[in-house]
Number of protein chains: 2
Amino acid sequence: MPTSEPPVTLRERKKQRTRQALAETAVSMFTEHGFDATTLDALVDAVEVSKRTFFRNFRSKEDVAFTAARELWDAYLEALGEAGGTGPLLDVFRDTMLATLGRMDQDWYRRFPATLRLIEQSSSLDGYSRRFCAGVQAEIARRVGDPDRLELRLLVEFFLAIWNCALAEWLPDCVPGELPECVRRAFAAIDDSLRLAR
Amino acid sequence: MPTSEPPVTLRERKKQRTRQALAETAVSMFTEHGFDATTLDALVDAVEVSKRTFFRNFRSKEDVAFTAARELWDAYLEALGEAGGTGPLLDVFRDTMLATLGRMDQDWYRRFPATLRLIEQSSSLDGYSRRFCAGVQAEIARRVGDPDRLELRLLVEFFLAIWNCALAEWLPDCVPGELPECVRRAFAAIDDSLRLAR
DNA sequence: CGATTAAGTGCCACTCAGTGGCGTTTGCGT
DNA sequence: ACGCAAACGCCACTGAGTGGCACTTAATCG
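Residues numbered from 1 in each chain as written. Chains lettered and ligands numbered in written order. Predicted model: local features only at pLDDT ≥ 70, side-chain atom pairs only at ≥ 80, totals over all residues.

*Asks:* Got a minute to help me understand the protein's contact with DNA strand D in this structure?
*Replies:* Residues in close proximity to DNA strand D total 19 residues, the closest being T9 and L10 of chain A together with S50, R52 and T53 of chain B. Of all the secondary structure elements, the ones that give two or more residues to the surface near DNA strand D are α1 (10-33), α2 (40-47) and α3 (51-57) of chain A together with α1 (10-33) and α3 (51-57) of chain B. (Near = placed C-beta within 6 Å. Helix = DSSP H or I, 4+ residues; strand = E, 2+ residues; numbered from the N terminus.)

Below you can see the structure in the form of structure tokens.
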């Protein structure tokens, strides 16, 4: 298997606890005082670790705030690898996303909306998010075919575009159960969208 | 008219000269030594202005590198305002882009590919670019209809997705005359793209 | 069980992007 | 020619992110 299992040693568990404490505290502090207004010094002070330790666990301030979203895409890419399935690629993308959303736990549905609101609020975090999704895009294209083929590249761009719109619809309330419906609606709107005229 | 014409005073011309010198020198230095590796201190030193002056002219390091791309979108939004035209919105978006590309001068076709290569090279600049385009997206949606309508939002997302793909096709060579053809090909690929299966 | 090893951490000094304050220059209008 | 305000230079500062090194502590092995 490609994913090497980490040894569940005490040292590893400790490190994961720190990681989780940082991610958890970060999102709550960012939510309370704003992403840009919260300094890393304040964060590492609250978690009682050194700034150096923070950067051993996360690449950047944006990275730690993006944890929940990264978990989703990790799960999505894994699901895309497993479930082969045939038929229209766009349907595969949609169904894989629906399946992935179904597998995320309750805690994730608490943390993910918080992350979305942070992204909405901070332009630097927004930039990070978009850049990250572009990376996911490239990875998806690489996995399902020739990533240099115009049609495939376009299709994957479309998929992420649709996902963005689904999130935009979901964002105001963020009721966990409604997200799949938002995704379905966004996918269903493609044809009408392309036919829009003025 | 909404665009207030600036008084063509000497002071204004001087300021524009430093602006242009900064943008020009920035792109050439970034191209030569890399975006991330070039410090602002080195740039303002080369142009012989203070760092303070740089930040009075540009919001950030990314901003100055993005000048050519911003010029395109400024021209695009202006063109979208003027040329009404009716019919499918997607055709309007495409034709407006083709018209805009036709109006850019030779110097722009020298600077724009340089900017694209910088974006390709630097992740922070890439993030800035994507965030900027998201703003353009919102502005386009606002101008042609109800920006909260799912179908419209989706369509504008699609347009930017297509544009990205067109640029990706153009990027290797960046022959000025070929860009419109890349745009047309990307738009023409939509149907085949959506029908892709595995 | 005790010694060795190395992962993980804390501390410190550093670079670089970006901001605020303030005094000075310089073009503009009268 | 003179007063005004825009633009500028200089300086000190914050905050993100990095590199180096000593130290702690958990894993490993005799």
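*Asks:* Just to check I follow, could you spell out the UniProt feature "domain: HTH tetR-type" (unreviewed entry) in chain A for this structure?
*Replies:* Here, the residues flagged by UniProt with the feature "domain: HTH tetR-type" (unreviewed entry) are residues 16-76 of chain A. End-to-end, the C-alpha atoms of residues 16-76 of chain A are 22 Å apart, and along that stretch the chain is 79% helix and 0% strand. (UniProt positions renumbered as here; feature names shortened; annotations may be inferred.)

*Asks:* Even after reading the chapter, I still don't get the environment of A83 of chain A, so can you show me in this structure?
*Replies:* All names here are of chain A. With respect to the secondary-structure elements, A83 resides in the loop between α5 (67-82) and α6 (89-103). For A83, a count of 12 C-beta atoms within 10 Å gives the class exposed. A sequence separation of 16 residues divides A83 from A99, and the C-alpha atoms of the two residues are 9.9 Å apart. Excluding residues that lie within four positions of it along the chain, A83 makes contacts with T96 and A99. (Buried ≥ 20, exposed ≤ 12 C-beta atoms within 10 Å, placed from the backbone. Contact = placed C-beta atoms within 7 Å.)

*Asks:* Teacher, can you tell me more about the relation of the copies chain B and chain A here?
*Replies:* Both copies of the chain are placed relative to one another by a rotation about an axis and a shift along it. You can overlay chain B on chain A at an RMSD of 0.0 Å; the transform is a turn of 180 degrees with a shift of 0.0 Å along its axis. Those values place the two copies in the arrangement expected of a two-fold rotation axis. Identified as the residue of chain B closest to the rotation axis by C-alpha distance is G127 of chain B, at 2.2 Å. Most of the interface of chain B is mirrored in chain A: 100% of its interface residues are interface residues there too. (Least-squares fit on C-alpha atoms with pLDDT ≥ 70 in both.)

*Asks:* Teacher, can you tell me more about unusual backbone geometry here?
*Replies:* It is generally the case that most residues other than glycine have a negative phi and that most peptide bonds are trans. Phi angles above zero are rare outside glycine, and E48 of chain A is one such case at about 60 degrees. Considering the arrangement of structural elements, one finds E48 of chain A in the loop between α2 and α3.

*Asks:* How do you make sense of the domain arrangement of chain A when you look at a structure like this?
*Replies:* By a frequent convention, interface size equals the accessible area lost on bringing the separate parts together. All names here are of chain A. For chain A, the domain assignment lists domain 1 (1-60) and domain 2 (66-194). Look at where the C-alpha atoms of domain 1 and domain 2 centre, and you get two points 25 Å apart. Taken residue by residue, the interface counts 7 residues in domain 1 and 8 residues in domain 2. In the side of domain 1 that touches domain 2, the residues fall into 4 nonpolar, 2 polar and 1 charged. (Domains from an automatic or database assignment. Nonpolar A, V, L, I, M, F, W, Y, C, P; charged D, E, K, R; others polar.)

*Asks:* Honestly, the interface of chain B and chain A in this entry has me stumped. Any pointers?
*Replies:* Contacts between the two partners involve 38 residues from chain B and, on the opposite side, 38 residues from chain A. Only α6 (89-103), α8 (123-144), α9 (150-170), α10 (179-188) and α11 (190-195) of chain B provide two or more residues apiece to the side of chain B that touches chain A. No other element matches α9 of chain B, which puts 14 residues into the side of chain B that touches chain A.

*Asks:* Would you take a moment to explain the environment of G145 of chain A for this structure?
*Replies:* As for its position among the elements, G145 of chain A is in the loop between α8 (123-144) and α9 (150-170). Placed 19 residues apart in sequence, G145 of chain A and N164 of chain A show a C-alpha to C-alpha distance of 23 Å.

*Asks:* Explain the nonpolar core to me, please; I cannot follow it from the model alone.
*Replies:* Nonpolar side chains tend toward joint burial in soluble globular proteins. By size, the foremost hydrophobic cluster in this structure holds 57 residues, and its most contacted members are I162 of chain A together with I162, A166 and A186 of chain B. Beyond its immediate stretch of four places on either side in the chain, I162 of chain B contacts L154 of chain A together with A186 and F187 of chain B. (Core = buried A, V, L, I, M, F, W, Y, C linked by C-beta atoms within 7 Å.)

*Asks:* Where do I start with α1 of chain A in this structure?
*Replies:* Every α-helical turn comprises 3.6 residues, leaving residues that sit three or four positions apart pointing alike. All names here are of chain A. End to end, α1 covers 34 Å across 24 residues, agreeing with the expected 34 Å (1.5 Å per residue, within 8%). Where α1 is buried, its residues contact α2, α3, α4 (61-65), α5 and α7 (106-121). G34 occupies a position one or two residues after α1 and carries a positive phi of about 95 degrees. (Expected span 1.5 Å × (residues − 1).)

*Asks:* Looking at this structure, how should I read α8 of chain A?
*Replies:* Between its terminal C-alpha atoms α8 of chain A stretches 32 Å, which fits the 32 Å expected from 22 residues at 1.5 Å a residue. Buried residues of α8 of chain A: L125, D126, G127, Y128, S129, R130, V136, I140 and A141 of chain A, and no others. Summarising the contacts, the buried residues of α8 of chain A are in contact with α4, α5, α7 and α9 of chain A together with α8 of chain B.

*Asks:* Just checking my understanding: could you explain the environment of V136 of chain A for this structure?
*Replies:* Note on placement: V136 of chain A falls in helix α8. For V136 of chain A and R19 of chain A, which are 117 residues apart along the polypeptide, the C-alpha to C-alpha distance reads 23 Å.

*Asks:* Is there a simple way to think about the packing of α9 of chain A against helix α10 (residues 179-188) of chain A in this case?
*Replies:* Helix-helix packing is described using two parameters, namely the angle between the two axes and the distance between the axes. Residue and element names in this part refer to chain A. Viewed as axis vectors pointing N to C, α9 and α10 meet at an angle of 130 degrees, and their least axial separation amounts to 8 Å. Judged by the inter-axis angle, α9 sits oblique to α10. Crossing of α9 against α10: the hand is right-handed. On α10, the residues that touch I162, C165, A166, E169 and W170 of α9 are L179, C182, V183, R185, A186 and F187. Of the residues belonging to the contact of α9 with α10, the class tally is 9 nonpolar, no polar and 2 charged. (Axes fitted to C-alpha atoms, helices over the stretch in contact; angles between N-to-C directions. Parallel < 35°, antiparallel > 145°, perpendicular 65-115°, else oblique. Left-handed = near helix turned anticlockwise from the far one by under 90°.)

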